[in-house]
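# Close look at the chain arrangement
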Amino acid sequence: MASAVFHQAIGTLLSHQHLHNSGFHQEFGNVSVKSISKGFKVDAVLSISRKGGYSAGKRNFSVVQASASQTSVVDPVSTSSNDSTNGIQKKSSEAALILIRHGESLWNEKNLFTGCVDVPLTKKGVEEAIEAGKRISNIPVDMIYTSSLIRAQMTAMLAMTQHRRRKVPIIMHNESEQARAWSQIFSEDTMRQSIPVITAWQLNERMYGELQGLNKQETADRFGKEKVHEWRRSYDIPPPNGESLEMCAERAVAYFKDQIEHQLCSGKHVMIAAHGNSLRSIIMYLDKLTSQEVISLELSTGIPMLYIFKEGKFIRRGSPAGPTEAGVYAYTRRLAQYRQKLDEMRH
């Protein structure tokens, strides 16, 4: 019984055997789970010839901030309902992937290089996270991945306070055997109303080395604007004793492919709350960008980006405009049905 309920709570997290051999372990009652623990807008359309990188061939690329285009998303009613056979949840052929860069942090506000220093959100950052939650409040979320840094975790948690499904995000703890034992959940009903949040250092911001804690303007005055721009925006040149974007991409994309992509393949709807450079790296993989394209990609704090995973491909849908606008429901008729289902659950 516990196993069946757990499958309803977090779907196929148990169905992938390789998860049982990794570093994360969490218990829900008698069920044991393992997993690894280790507004931007571009109006111009660029015609790009690719040689090397993540793909080959020619394509048109444009980044949009919001979209009301018609496309299919998921079957959110069936994937979020209790309809199942022998406790096994129905799988969808499509899944939603939401990416959110954390809201403004205290060091963003002070114009300091932050990197892997663990600082919280500002008041504005809290408001950005809440607004992001409103934009995605009608999009299904089954699992959440964040970095190990508090600003990303705050963003994910605050965003989910706005979700109309009212499921509770719960961070999975793996610090010690005691942490795992003390964080067990013994109510099957509570498990059904929970969303697992998995934290991973691989999704952290890139480590800025000796720049961390320095004022960006003062650093430019000291070392020169060109040198600092090279450290910040080049693909393969790291700051002193820090990571380049290429190095960040190696860990972030590997984690996405190894731990997250198979969740999407199984029909689970995933949200990732992370950082500018780790998300740029993932978007580079999703959109098959070259190293030259990705260095010009800018992500605004607190602006969610929606992708649809269908038939092994990622389709970028931009940023949902907000729950009060018809464009949110234009993605698919089924999403409108999901909204209706949520309304029924709340009454």
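Small disclaimer: the values here were computed from a predicted structure and weren't measured. Within every chain, residues take consecutive numbers counted from 1 along the sequence as written. In keeping with the predicted nature of the model, local features appear solely for residues at pLDDT of at least 70, side-chain atom pairs appear and are counted solely at 80 or more, and the whole-chain, interface and lining totals rest on all residues. Where side-chain values are given, they derive from all heavy atoms of the structure, hydrogens and water being excluded.

For any pair of aromatic rings, the description consists of the separation of the ring centres together with the inter-plane angle of the planes. Note on ring pairs: Phe, Tyr and Trp rings are taken, using the six-membered ring of Trp, and paired if centres are within 6.5 Å. Classes follow the plane angle, with under 30 degrees stacked, over 60 edge-to-face and the rest tilted. Under the definition given, this model contains 7 aromatic pairs. Summarising the aromatic geometry, the rings of phenylalanine 223 and tryptophan 231 are spaced 5.3 Å apart at their centres and angled 70 degrees between planes, so their arrangement reads as edge-to-face. Judged by its relative accessible area of 37%, phenylalanine 223 falls in the partly exposed class. Burial status follows relative accessibility: with a 1.4 Å probe on protein chains alone, a residue under 20% of its type maximum counts as buried, one over 50% as exposed, and anything between as partly exposed. By relative accessible area, which is 8% here, tryptophan 231 ends up buried. When the centroid spacing of 5.9 Å and the interplanar angle of 65 degrees are considered together, the rings of phenylalanine 256 and tyrosine 285 count as edge-to-face. Taken together, the positions of phenylalanine 256 in helix α10 (residues 245–265) and tyrosine 285 in helix α11 (residues 276–286) put the pair 29 residues apart, joining distant regions of the chain. When its relative accessible area of 18% is taken as the criterion, tyrosine 285 is described as buried. Counting every residue linked through ring pairs, the aromatic cluster contains Phe256, Tyr285, Phe309 and Phe314. Counting from the N terminus, the helices are the DSSP runs of H or I reaching at least four residues and the strands are the DSSP runs of E reaching at least two.

What follows deals with the pattern of salt bridges. Here a salt bridge means any side-chain nitrogen of Lys or Arg lying within 4 Å of a carboxyl oxygen belonging to Asp or Glu. Overall, the coordinates contain 9 salt bridges when judged by the stated rule. For the salt bridge of lysine 227 with glutamate 230, the shortest nitrogen-to-oxygen distance reads 2.9 Å. Within this pair, lysine 227 and its partner glutamate 230 are both found in helix α9 (residues 225–233), separated by 3 residues, close to a single helical turn.

Let us now look at the state of the cysteines. Think of a disulfide as a covalent bridge from one cysteine sulfur atom to another cysteine sulfur atom. To count as a disulfide, a pair of cysteine sulfur atoms needs to be within 2.5 Å. Evaluated as defined, the whole model comprises 0 disulfides. No disulfide involves cysteine 116; its sulfur sits 8.2 Å from the nearest other cysteine sulfur, which is in cysteine 248. A relative accessible area of 28% places cysteine 116 in the partly exposed class. Look at cysteine 248 and you get buried, because its relative accessible area is 0%.

This next bit is on helix α5 (residues 150–160). Within α5, the full set of buried residues consists of Arg151, Ala152, Gln153, Thr155, Ala156, Ala159 and Met160. Tucked inside the fold, the buried residues of α5 contact β7 (94–101), α4 (123–135), β8 (143–146), β9 (168–171), β10 (194–199) and β11 (270–274). Any two residues having at least one pair of non-hydrogen atoms within 4.5 Å are treated as being in contact.

Sites flagged by UniProt as "active site" (unreviewed entry) map to His102 and Glu205. On the basis of their most widely separated C-alpha atoms, the annotated residues across 104 residues gather in one place, lying no more than 10.5 Å apart. Checked against the lining of the largest pocket, the annotated residues reduce to His102 and Glu205. Along the polypeptide, histidine 102 turns up in the loop between β7 and α3 (106–109). The contacts of histidine 102, once residues within four sequence positions are left out, are Asn108, Leu121, Arg151, Ala152, Thr155, Ala274, His275, Thr301 and Gly302. Here the side chain of histidine 102 touches arginine 151 through a polar contact of 3.3 Å, side chain to side chain. Within the element layout of this structure, glutamate 205 appears in the loop between β10 and α8 (216–223). Judged by its relative accessible area of 8%, glutamate 205 is buried. Leaving out residues up to four positions away in the same chain, glutamate 205 has contacts with Gly115, Cys116, Leu149, Arg151, Glu243, Arg251, His275, Gly276, Asn277 and Ser278. UniProt positions are given in the numbering used here, feature names are shortened, and annotations may be inferred rather than shown by experiment. Each cavity reported here is a set of points on a 1 Å grid over the protein atoms alone in which a 1.4 Å probe fits but cannot get out, each pocket an open set with protein on both sides within 12 Å along at least five of seven lines, and each lining residue one with an atom within 4 Å of a point. Identification of polar contacts relies on pairs of N or O atoms within 3.5 Å, with a donor-acceptor requirement for protein atoms, meaning one able to donate a hydrogen and the other able to accept it, and with residues adjacent in sequence counted only if both atoms are side-chain atoms.

The next thing to look at is the layout of surface pockets. Grid points are joined across faces, edges and corners, and a volume is the space filled by probe spheres set on the points. Of the volumes computed, that of the largest pocket is approximately 350 Å³. Considering the residues around the largest pocket, the lining is formed by 20 residues, among which Arg101, Glu205, Tyr208, Lys216 and Arg232 are closest to the centre. Secondary-structure elements contributing two or more residues to the lining of the largest pocket are α9 and α11. When residues in the lining of the largest pocket are grouped by element, the largest group, 3 residues, is from α11. Residues that form the lining of the largest pocket fall into these classes: 4 nonpolar, 8 polar and 8 charged. Just so you know the grouping, Ala, Val, Leu, Ile, Met, Phe, Trp, Tyr, Cys and Pro go in nonpolar, Asp, Glu, Lys and Arg go in charged, and all remaining residues, Gly too, go in polar.

Taken N-terminus to C-terminus, the directions of α8 and α9 make an angle of 125 degrees; their axes are 6 Å apart at the nearest point. Viewed along their axes, α8 and α9 adopt a mutual orientation that is oblique. Two secondary-structure elements touch here, α8 through Lys216, Thr219, Ala220 and Phe223 and α9 through Lys225, Lys227, Val228, Trp231 and Arg232. Taken together, the residues of the contact of α8 with α9 break down into 4 nonpolar, 1 polar and 4 charged. Note on definitions: angles span 0 to 180 degrees between N-to-C directions of axes, and those axes are lines fitted to C-alpha atoms, for helices only across the stretch in contact. Our angle categories are set so that under 35 degrees counts as roughly parallel, over 145 as roughly antiparallel, 65 to 115 as roughly perpendicular, and the remainder as oblique.

Across the sheet, 7 strands lie side by side as β9-β10-β8-β11-β7-β12-β13; this open sheet has mixed pairing. In this open sheet, the two edge strands, each paired with only one partner strand, are β9 and β13 (313–318). Shown here is a sheet whose adjacent strand axes are inclined to one another by a mean of 25 degrees, direction ignored. In this structure, β8 lies alongside β11, joined through 4 bridges in parallel fashion. When the sheet's bridge partners are listed, tyrosine 145 is paired in β11 with isoleucine 272. Two strands qualify as a pair provided that DSSP identifies no fewer than 2 bridges between them.

Next up on the list: unusual backbone geometry. Of all residues except glycine, most have a negative phi; of all peptide bonds, most are trans. Within the chain, lysine 288 stands out as a residue other than glycine whose phi angle is a positive 55 degrees. By the element assignment, lysine 288 lies in the loop between α11 and α12 (291–294). For lysine 288, a relative accessible area of 44% corresponds to the partly exposed category. In this structure, glutamate 311 is a non-glycine residue whose phi angle is positive, near 55 degrees. Among the structural elements, glutamate 311 can be located in the loop between β12 (304–310) and β13.

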